[in-house]
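One-letter residues, chain by chain:
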Amino acid sequence: MNARPNIVLVHGAWAEGSSWSAVVERLQADGYHVTAPQFPLTALADDVARLRQVLDLQDGPTIVAGHSYGGQVMTALGTDAPNVTGLVYIAAFGLDQGESLGGLLSQGPVTPALAHMITDKQSFSWLSEDDFVNHFAADVDPVMARVMYAVQQPLATSAFGDVMGVPAWKTLPSWYLVATDDQALPPEAERMFASRMGATTVEIPSSHVAMVSHPDDVTQLIKTAAEARPAMS
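Here the structure is a predicted model, which means the values were calculated and not measured.

What counts, and at which threshold
- Residues numbered from 1 in each chain as written.
- Predicted model: local features only at pLDDT ≥ 70, side-chain atom pairs only at ≥ 80, totals over all residues.
- Heavy atoms only, no water.
- Helix = DSSP H or I, 4+ residues; strand = E, 2+ residues; numbered from the N terminus.
- Rg over C-alpha atoms; globule rule 2.2 N^0.38 Å.
- Buried < 20%, exposed > 50% of the residue type's maximum accessible area, 1.4 Å probe, protein only.
- Contact = heavy atoms within 4.5 Å.
- Areas by Shrake-Rupley, 256 points an atom, 1.4 Å probe, with all protein chains shown as cover.
- Lys, Arg positive; Asp, Glu negative; His and termini not counted.
- Charge placed at Lys NZ, Arg CZ, Asp CG, Glu CD.
- Salt bridge = Lys/Arg side-chain N within 4 Å of Asp/Glu carboxyl O.

Asker: Where do I start with the overall build of the protein in this structure?
Answerer: Regarding its fold elements, the protein presents nine helices and nine strands. Relative to the globule expectation of 17 Å for 233 residues, the C-alpha radius of gyration of the protein, 16 Å, shows essentially globular dimensions. Its C-alpha atoms give the protein principal-axis dimensions of about 50 × 40 × 30 Å. Counting every position in the protein, which comprises 233 residues, the buried fraction comes to 53%. Contacts spanning at least 24 positions in sequence make up 71% of the contacts within the protein whose residues lie at least 6 apart. Entry remark: accessible area of the protein is about 9,500 Å², with carbon and sulfur atoms responsible for 53%. If the 11 positive side-chain charges of the protein are averaged to one point and the 25 negative ones to another, these points end up 5 Å apart.

Asker: Would you mind going over the pattern of salt bridges with me for this structure?
Answerer: Any two side chains of opposite charge can pair, so long as their charged atoms come close to each other. Under the counting rule described, the total for this entry stands at six salt bridges. For Asp80, the salt bridge is made with Arg52, and the minimal N-O distance between the two is 3.7 Å. Of the two residues, Asp80 is situated in the loop between helix H3 (69–75) and strand S4 (84–90) and Arg52 in helix H2 (residues 44–56); the sequence distance between them amounts to 28 residues.

So, in structure tokens, the structure goes:
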């Protein structure tokens, strides 16, 4: 059996599994078994169900890393996260019990990446091209950023109102990467999440999509978490 824990990567809103591609390549090169599935983003419960589906396929201890809303999904595993040995937050939401995404975001001014969010007739939210390229993925090559914009997965607006139960980080060790140039989730909010969960924290000068623009830093933090949690025999 592979001595290393499995790695499951959870993408966020307005992204999809391939946003982790550069990180996946690096982890695979180091011998890790990695899964970066697509999440429906149709409701928080649906996304948690997809994560549990993927976790059921893992053959041993697993590190879960989530980006942005992906942090909400893995946090919502709560106290029932079999085989999960650590959580890695990449510029991600780490809500506490009783909190919601919408409630948190409403506490401050609208961030530049979300300033012109579009809600369609099916109540899904999309980002405009200008906000996506120039703010959401501000430090990504514009050609790649426009591709990311084209394949964005919209988020059901209901996700903004879902209230967190007991968060998984209450009982699992956590690591946090703060993106100090984030224009989607305020860096001060990221620091607050990291602080109250007692996470091992690193800060890098990155936009919101650190796994795309700084894959080496993101990979290193995930490896640090994996190495801190030795695989159970």
